[in-house]
Structures are given as C-alpha cells and as structure tokens.
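Tertiary structure, described
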Amino acid sequence: DLLDLSRVDAGRLRVEQEALLRRSRELEADTLTDPLTGLPNRRALDTELAMLVPTVHAAGEPLSLAVLDVDRFKVINDGHGHPVGDEVLRVIGRVLRDRCEECDRFARYGGDEFVLCLGAPLDQARATVAAVVASVAGHDWSEISPGLRVTIGWGIAELGPSDTPTSLFAAADRELLAAKRGRRHLTPVPAV
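Residues numbered from 1 in each chain as written. Predicted model: local features only at pLDDT ≥ 70, side-chain atom pairs only at ≥ 80, totals over all residues. Heavy atoms only, no water.

Our focus in this paragraph is the nonpolar core. Membership of the largest hydrophobic core comes to 30 residues, with the highest contact counts inside it found for Val88, Ile92, Leu116 and Val150. For this core, the element with the most residues is helix 4 (residues 82–99), which contributes seven residues. For Ile92, the contacting residues outside a window of four places in its chain are Val70, Phe114, Val136, Trp141, Val150 and Ile152. One finds Leu52, Val53, Tyr109 and Ala172 within the second-largest nonpolar core, a separate group that totals 18 residues. (Core = buried A, V, L, I, M, F, W, Y, C linked by side-chain atoms within 4.5 Å. Buried < 20%, exposed > 50% of the residue type's maximum accessible area, 1.4 Å probe, protein only. Helix = DSSP H or I, 4+ residues; strand = E, 2+ residues; numbered from the N terminus. Contact = heavy atoms within 4.5 Å.)

Okay, here's the thing in structure tokens:
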C-alpha cells in the first residue's frame, strides 16, 4: 500500500512538473510576442539582434534593418476609431508574415512601428521592403472602414563594420524620419 501511494505521488508530481514547465514556456513566449499582431515584440527583436549582429560581423555576411511606421496613424485612430487602428496593425502583421521569407526577422517594435531585419545587402533589402510597403498600400482597406487608406513610411540601413544593434537601428530610424519629413512637405493630410 505504501509503495503504491509513493508511485501515485511520484506520478502526480511528474504531471504537475510538466504542467509547470509548459506554463513557464507559455509565459516566456508571451513576454516575447506582441498580443495584438502575434508578431515578435521589441524585447524579442532586441534579444535576437544582440546575438545576430556579432554573428553576422564574424561571418562577413550582409544585414540590413528597416524601420517601418504607419503614416498618420493618429489620424486613422481619431477618424476611424481605435478598433480600426488595431485592425490596421493586425493586417500589417499578416502582410509581413506573407511577404517576408522565413529567414527574415520582423517585429512590432511598438505603437505603429515595425522593424524588418533582412540578411541581404542594402539594394536587395530595399526591394523587399518596397514590396511590403506596396502590399500595404494596395490592400483593400475599405473592407475595414470606408475611405480608409494606409501607407507606410520607412527607413533602412545596412550593417557596417563598426555598427552595433543600437547604431544600426539609429541609422534606419534617421532615414525614416528624413523620408517622413520630405513626404509631409509634399503631401497634405488626407481628410477623414
């Protein structure tokens, strides 16, 4: 009887340990995933870039990083409502999954910003990002809200010999800001 009880207790302990381990893995995945889009989040990308950049430097391989930002996202939220803004972000997440190859890394960096990390030289990476941006612009946004139009501004940089993850991101972000300033001078804010 005593031996049977200890086997039952040991079996119960194994089941509880497996459940705790499974829950621990779920919680860890939750800390690295954006709940709205299901994409990796900033923490996941920062962690990956910290490991990837030294590896790429050592191998002498190309790496380009693009920062994408939804144009006039506040106007979308204010004019169409926050649920529409949330759906815009989810659709962009799906476009990234559909348009980017498995080897590409991407994340929702925060708010209306997404980051794409491509193992490609700058010209090739620009073409990939341009295709993603065109897919977003060409999406039938009126299915979500009549009159809705969504475009993306972006900046891109290629990893240089002395770059760190921080300096690479900063270079792409500077290009994004310059591109947005240039476009906003030429294009009026759309009426909602």
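More follows now that the structure is in view.
Low pLDDT means the predicted atomic positions in that stretch should not be read closely. When pLDDT is averaged across the protein, the result is 87; 83% of the residues are at 70 or more. In the predicted structure, residues 185–192 sits below a pLDDT of 50 and forms nine contacts with residues beyond four places in sequence or in another chain. (pLDDT = per-residue confidence, 0-100.)

Once that is clear, we can look at the packing of helix 3 (residues 73–80) against helix 4. It is the contact of helix 3 with helix 4, at a shortest axis distance of 6 Å, that shows an interaxial angle of 135 degrees. Taken together, the axes of helix 3 and helix 4 lie oblique to each other. Counting all contacts with helix 3, which are made through Phe73, Ile76, Asn77 and His80, the residues of helix 4 involved are His82, Val84, Gly85, Val88 and Leu89. Class assignment for the residues of the contact of helix 3 with helix 4 results in five nonpolar, four polar and no charged. (Axes fitted to C-alpha atoms, helices over the stretch in contact; angles between N-to-C directions. Parallel < 35°, antiparallel > 145°, perpendicular 65-115°, else oblique. Nonpolar A, V, L, I, M, F, W, Y, C, P; charged D, E, K, R; others polar.)

Taken together, the buried positions of helix 3 are Phe73, Ile76 and Asn77. Along the long axis of helix 3, the arc covered by the buried residues comes to 95 degrees, so they all point the same way. Opposite the buried face of helix 3, at more than 90 degrees from it, the exposed residues are Lys74 and Asp78. Considering only its buried residues, helix 3 is in contact with strand 1 (64–70) and helix 4. Phi for Gly81, located one or two positions after helix 3, is positive at around 100 degrees. (Arc of directions from axis to C-beta.)

Across the six residues that make up strand 3 (residues 113–118), a large majority, five, are buried. Strand direction decides the pairing type here: strand 2 (residues 105–110) and strand 3, joined by five bridges, are antiparallel. By the bridge assignment, Arg108 is partnered in strand 3 with Phe114. Between the antiparallel neighbours strand 2 and strand 3 lie two residues, among them Gly111 with a positive phi of about 55 degrees. (Pairing = 2+ DSSP bridges.)

One non-glycine residue, Arg72, lies in positive phi territory at about 50 degrees. Inspection of the secondary structure assignment puts Arg72 in the loop between strand 1 and helix 3.

Going through the model one piece at a time under the given rule, you end up with one aromatic pair. Centroid distance Tyr109 to Phe169: 4.7 Å. Interplanar angle 25 degrees. Geometry classified as stacked. Pair noted here: Tyr109 is in strand 2 and Phe169 is in helix 6 (residues 165–186), with a separation of 60 residues, a long-range link. Its relative accessible area of 17% is what places Phe169 among the buried residues. (Phe/Tyr/Trp six-rings, centres within 6.5 Å; stacked < 30°, edge-to-face > 60°.)

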